[in-house]
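Topology and contacts: notes
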Amino acid sequence: MLDCCEPLEKVKEKGISFGKLVCLAHCAGAKVEAFRTNQSTLDEFRNFIARCSTSDDCHVISSYHRSTFKQTGTGHFSPIGGYHAGRDMTLILDVARFKYPPHWVPVTLLWEAMDNVDEATGQRRGFMLISRPHRDPGLLYTLSCKHESWVKVAKYLMDDVPNLVKSDDVRDVHKVLSVVFLSLPSNFGEFIKWIAEVRRREDGGQNLCEEEKGRLSLKEEVLKQVQETGLFKHVVAFLSSVNSCCRNAPALSHEANLPDIAARVCCQGAELLAGKSGSSKRYCCRETCVTSLKANGDKPITLVSGTVVNGSFEQGVDMLVPSCPKILNCCDSSPNSCIGIYPAGNDVLTALLLALPPETWCGIKDEKLLNEMYSLVSTKNLPILLQEEILHLRRQLHLLKKCQENKVDEDLGAPLC
């Protein structure tokens, strides 16, 4: 999820603005309140620091200019680690240890360091309050701007699709899906991502801990709920009608081969586990193996193991895969060729359609069809797990739209969905 709002390569090269950091926190599902210094006061800031310094559920991140502290460098982000009420001082952490250790500064001086204009955006710096939501969002899917095509895809979904469905030819759900899916931009599959869970092979062996089983169970429940929607049935029927296996949606066909997916995910997982995400060094997955684990009467669990190499470095990586609760009849192919291992195009496309803003469909001219589409994409009657998953995707889509329009530094608020 770190590629939402700004590609990591660009962050490493040029840094990230306060607005895009706030966007990233929203996109990752955190509860966020953000303030520029002209939107708050010194006394409010002091109260927030005092409150969050004694709470496990609230953290303050400050965006300030180093020169106020007589330090080299320019803008920096730091979490606040504590507050000394008697001396009215605050502890600044994550300050680049090779130059400066964590240090205490007067709250008034930190406020002064925040109260200046960032030349890159023309906006004042500030601070944000961040806390965890009641559950991790994005259990199965997330949006990404890592690939440069994300701008085109976001524009297509938010601007072009509402115009496409206004056509007089759009007279049934099949035609709605046709005009949406058959015009998808290239590299669309890079825009919506399946969230995989990876671990070092030596960390788990052939067993899953209770926490891993719990997370996998939640993923499978969300997947089951996607498949039980009326919209999913229409998507499967449409994909079947265009003579494409339901795991090979238009523009997503390159994602349909599980060993290929596993190889990429294992490489990315090895980079993250080694603390080298975005490294220029090439990671290569030498082999992958798909196995089914079953122990102590538990239901089978799909485990994909890969061996990742990078020069002399070698790491065994496991990927835990949620399974389809039932085998789907995929077009004219045998059921065994669509064994229900995910990711799959049909559930991905269903989730994305559900995540589009409700006003996307308001241009449909046939009133009966319009009401049918509203019923199919409504989130009100979805089970709570799926509802939260879809609303999180919708928030991400709104945030990426703001990024595309260069408005994230103008509006720090969370998107309303």
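What comes next concerns the included structure. Bear in mind that the values here come from a model prediction, so they are computed numbers and not experimental data.

Before going further, it helps to examine the overall build of the protein chain. Across its full length, the protein chain carries 13 helices and 14 strands. A fraction of 66% describes how many contacts in the protein chain between residues 6 or more apart in sequence connect residues 24 or more apart. Total accessible area on the protein chain stands at roughly 20000 Å², and carbon and sulfur atoms take up 50% of it.

Below, the discussion takes up the packing of helix α11 (residues 345-355) against helix α13 (residues 384-404). In helix packing, the relevant descriptors are the interaxial angle and the interaxial distance, both defined with respect to the helix axes. Viewed as axis vectors pointing N to C, α11 and α13 meet at an angle of 70°, and their least axial separation amounts to 8 Å. Looking at the two axes, α11 sits roughly perpendicular to α13. Between α11 and α13 lies a crossing of right-handed hand. Two secondary-structure elements touch here, α11 through A351, L354 and A355 and α13 through I390, L393, R394 and L397. Its residues assigned to classes, the contact of α11 with α13 shows 6 nonpolar, no polar and 1 charged.

A few words now on the nonpolar core. It is characteristic of soluble globular proteins that their nonpolar side chains tend to be buried jointly. Core analysis: the largest hydrophobic core is formed by 65 residues, its most contacted members being Y141, L157, F181, F191, L353, W361 and M373. Ignoring anything within four residues of it in the chain, the contact list for Y141 reads I192, K193, I195, L223, V226, D347, V348, A351, E389 and L393. Counting residues in each nonpolar core, the second largest holds 21 residues, with V60, Y64, I80 and V107 among its members.

Conventions we followed
- Residues numbered from 1 in each chain as written.
- Predicted model: local features only at pLDDT ≥ 70, side-chain atom pairs only at ≥ 80, totals over all residues.
- Heavy atoms only, no water.
- Helix = DSSP H or I, 4+ residues; strand = E, 2+ residues; numbered from the N terminus.
- Contact = heavy atoms within 4.5 Å.
- Areas by Shrake-Rupley, 256 points an atom, 1.4 Å probe, with all protein chains shown as cover.
- Axes fitted to C-alpha atoms, helices over the stretch in contact; angles between N-to-C directions.
- Parallel < 35°, antiparallel > 145°, perpendicular 65-115°, else oblique.
- Left-handed = near helix turned anticlockwise from the far one by under 90°.
- Nonpolar A, V, L, I, M, F, W, Y, C, P; charged D, E, K, R; others polar.
- Core = buried A, V, L, I, M, F, W, Y, C linked by side-chain atoms within 4.5 Å.
- Buried < 20%, exposed > 50% of the residue type's maximum accessible area, 1.4 Å probe, protein only.

Limitation: the analysis is restricted to geometry and does not speak to function.
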